[in-house]
Amino acid sequence: MREMLRVLALAAFLASTARGGEIKIHNWPSKFLSQEIPGCEIPVTMDVDVAPMCRILGTPVKLLPDDVVGTFKGCGQLLVQCTHGVTLRHSIVPTGVVQGTYSASLSPSDFDAPGGSADLCVTLTDAQPGGYAGRTNVQVATVKITVSSR
């Protein structure tokens, strides 16, 4: 029994002197401090194209009668997207369906990155529809666009 009293006395003494796990809230930081973590670097990568890129989208050009008999005119839009400065050149190739003199104009023809829009206008003079009179939406020519770097 004496031994038991000694153990209880020792346990009471240790419990009164040990303060482990006590949290003092008033000593904690009031806000988080941002810190750079050494050695925590995350690489960022991408594929870099070696060749410059250019994309051209266009709307069809519909030729409509002009004030002068046998003359037809029409315009459409080109959207140019490029990674560098480009110059556009154009040529018009008749399909042979309607004979006449075809001409085209492109304004503007020089673009800097990232691109822009241009007006493409086509004129047909001295039109001779031949046996195709009365037909609708007949392809009479093709405008070819070439791109060169500036």
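Note that this is a predicted model, so its numbers are computed, not measured. (Residues numbered from 1 in each chain as written. Predicted model: local features only at pLDDT ≥ 70, side-chain atom pairs only at ≥ 80, totals over all residues. Heavy atoms only, no water.)

A. A look at the pairing of strand β7 (residues 115–128). Note: strand β3 (residues 72–82) against β7, 10 bridges, orientation antiparallel. Across the sheet, the residue bridging to Val 80 is Gly 116, located in β7. (Pairing = 2+ DSSP bridges. Helix = DSSP H or I, 4+ residues; strand = E, 2+ residues; numbered from the N terminus.)

B. The state of the cysteines, seen in detail. Inspection of every chain in the model, using the stated rule, returns 1 disulfide. Each sulfur in the disulfide pair Cys 75 and Cys 121 lies 2.0 Å from the other. Taking the torsion about the sulfur-sulfur bond, which here is approximately 105°, the covalent link between Cys 75 and Cys 121 counts as right-handed. Placement of Cys 75 in strand β3 and of Cys 121 in strand β7 is noted, with a sequence separation of 46 residues between them. Overall, Cys 121 belongs to the partly exposed group, its relative accessible area being 21%. Of the cysteine sulfurs around Cys 54, a residue in no disulfide, the closest is that of Cys 82, at 4.9 Å. (Disulfide = S-S within 2.5 Å. Buried < 20%, exposed > 50% of the residue type's maximum accessible area, 1.4 Å probe, protein only.)

C. Fine view of the pattern of salt bridges. Enumeration according to the criterion identifies 2 salt bridges in this entry. Note that Lys 73 and Asp 66 form a salt bridge whose closest N and O atoms lie 3.7 Å from each other. In this structure, the salt-bridge partner of Asp 112 is Arg 150, at a minimum N-O distance of 2.1 Å. Pair noted here: Asp 112 is in the loop between β6 (110–111) and β7 and Arg 150 is in the segment after β8 (141–149), with a separation of 38 residues, a long-range link. What makes Asp 112 exposed here is its relative accessible area of 52%. (Salt bridge = Lys/Arg side-chain N within 4 Å of Asp/Glu carboxyl O.)

D. Molecular detail of the sheet that holds strand β4 (residues 86–94). On the basis of which strands lie adjacent, the open sheet formed by 3 strands has the order β6-β4-β8 and antiparallel pairing. Single-partner strands in this sheet number two, and they are β6 and β8. Bridge count between β4 and β8: 9 bridges; the pairing is antiparallel. Pairing of Leu 88 across the sheet is with Val 147, part of β8.

E. Summary view of the nonpolar core. Counting residues in hydrophobic clusters, the biggest one holds 9 residues: Leu 78, Val 80, Cys 82, Val 86, Leu 88, Leu 106, Phe 111, Ala 118 and Leu 120. Every element with two or more residues in this core is listed here: β3, β4 and β7. The element that contributes the greatest number of residues to this core is β3, accounting for 3 residues. Counting residues in each nonpolar core, the second largest holds 8 residues, with Val 98, Val 122, Ala 127 and Val 140 among its members. (Core = buried A, V, L, I, M, F, W, Y, C linked by side-chain atoms within 4.5 Å.)

F. Here's a closer look at the environment of Asp 110. Mapped onto the elements of the fold, Asp 110 is located in strand β6. Residue classification places Asp 110 among the partly exposed residues on the basis of a relative accessible area of 42%. Setting aside chain neighbours within four positions, we find Asp 110 in contact with Val 86, Thr 87 and Arg 150. Engagement of the side chain of Asp 110 in a polar contact is seen with the side chain of Thr 87, the distance being 2.8 Å. (Contact = heavy atoms within 4.5 Å. Polar contact = N/O pair within 3.5 Å; in protein donor to acceptor, adjacent residues only side chain to side chain.)

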